[in-house]
Amino acid sequence: IDLGALEADAAVGDWPALIALFKRHRLNAVAVRNAPAGLEEEILANGLSIDVVSRREEKSAEEPVPAPEIASAPASAVVPAAAAATAMIVDTPVRAGQRIYSRGDLIVTAAVNNGAEVIADGSIHVYAPLRGRALAGASGNLDARIFATSMEPELVSIAGIYRTFDAGFPKDQARKPAQIRLIDNRLDIMALEPNTR
């Protein structure tokens, strides 16, 4: 949902009704672009993400671009990465409502549960079930990938290209080791087992 045409102090109103309207037309609202800072908490509270890719695109080429901001929702935990773009390692389960962001790669050695969100400017590696949302290449990295030893996500994104799994992950690859990568503006799911796809 792009709010770029709204005045900075405008209120959207009934987010659940807006999300339901999209669903009636078989559209899944997953993120909000160009959201005024005053609406971010409300957006996150209604289960939507803040589109961090568009914020970086708006910056001019001469202006230094900081890492995308990740606003925290109530009862969520935001874990910032170190200043250098190195891998961040998370050893504890990522619970519903939690959001974790890394400026480099993100490595999670425990489950990412439904309702949780992991975001990285680089690739995302989950050595456990991935059931929540995974957004790799958040700064526009088209080569980023998402890896999991048990792929069961609600939503995946690479460089702003989204795919949701309302009907479940493809049965032949669900709960199996797999990777997701971007090929020709399409998210490709590939098994991590030899000679299978």
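Scroll up a little and you will see the structure.
What counts, and where the lines are drawn
- Residues numbered from 1 in each chain as written.
- Predicted model: local features only at pLDDT ≥ 70, side-chain atom pairs only at ≥ 80, totals over all residues.
- Heavy atoms only, no water.
- Buried < 20%, exposed > 50% of the residue type's maximum accessible area, 1.4 Å probe, protein only.
- Helix = DSSP H or I, 4+ residues; strand = E, 2+ residues; numbered from the N terminus.
- Pairing = 2+ DSSP bridges.
- Salt bridge = Lys/Arg side-chain N within 4 Å of Asp/Glu carboxyl O.
- Axes fitted to C-alpha atoms, helices over the stretch in contact; angles between N-to-C directions.

Novice: Describe the pairing of strand β8 (residues 124-130), with residues and values.
Specialist: By the criterion of burial, β8 is predominantly enclosed, with five of the seven residues buried. Relative to β8, strand β6 (residues 106-108) is paired through three bridges, and the arrangement is parallel. Within β8, the residue paired with valine 108 across the bridge is valine 126. Across five bridges, β8 lies against strand β10 (residues 145-151) in parallel orientation. Bridged to isoleucine 124 within β10 is isoleucine 146.

Novice: Before we move on, could you go through the pattern of salt bridges and cite the residues and values that matter?
Specialist: Applying the stated criterion across every chain, the model contains six salt bridges. Linking arginine 99 and glutamate 117 is a salt bridge whose minimum nitrogen-to-oxygen distance equals 2.4 Å. Here the residue arginine 99 occupies a position in strand β5 (residues 99-102), and glutamate 117 occupies one in strand β7 (residues 117-120), the gap between them amounting to 18 residues. Under the relative-accessibility criterion, glutamate 117 is labelled buried at 4%.

Novice: Could you give me a rundown of the sheet that holds strand β4 (residues 88-90), with the residues and numbers involved?
Specialist: Consider a sheet: its strands pair through backbone hydrogen bonds, and that pairing is either parallel or antiparallel. Read from one edge to the other, the open sheet built from six strands follows the order β4-β6-β8-β10-β13-β14, with strand pairing classed as mixed. Strands at the two margins of the open sheet, each flanked by one partner only, are β4 and β14 (186-191). Recorded for the sheet is a direction-independent mean angle of 20 degrees between the axes of neighbouring strands.

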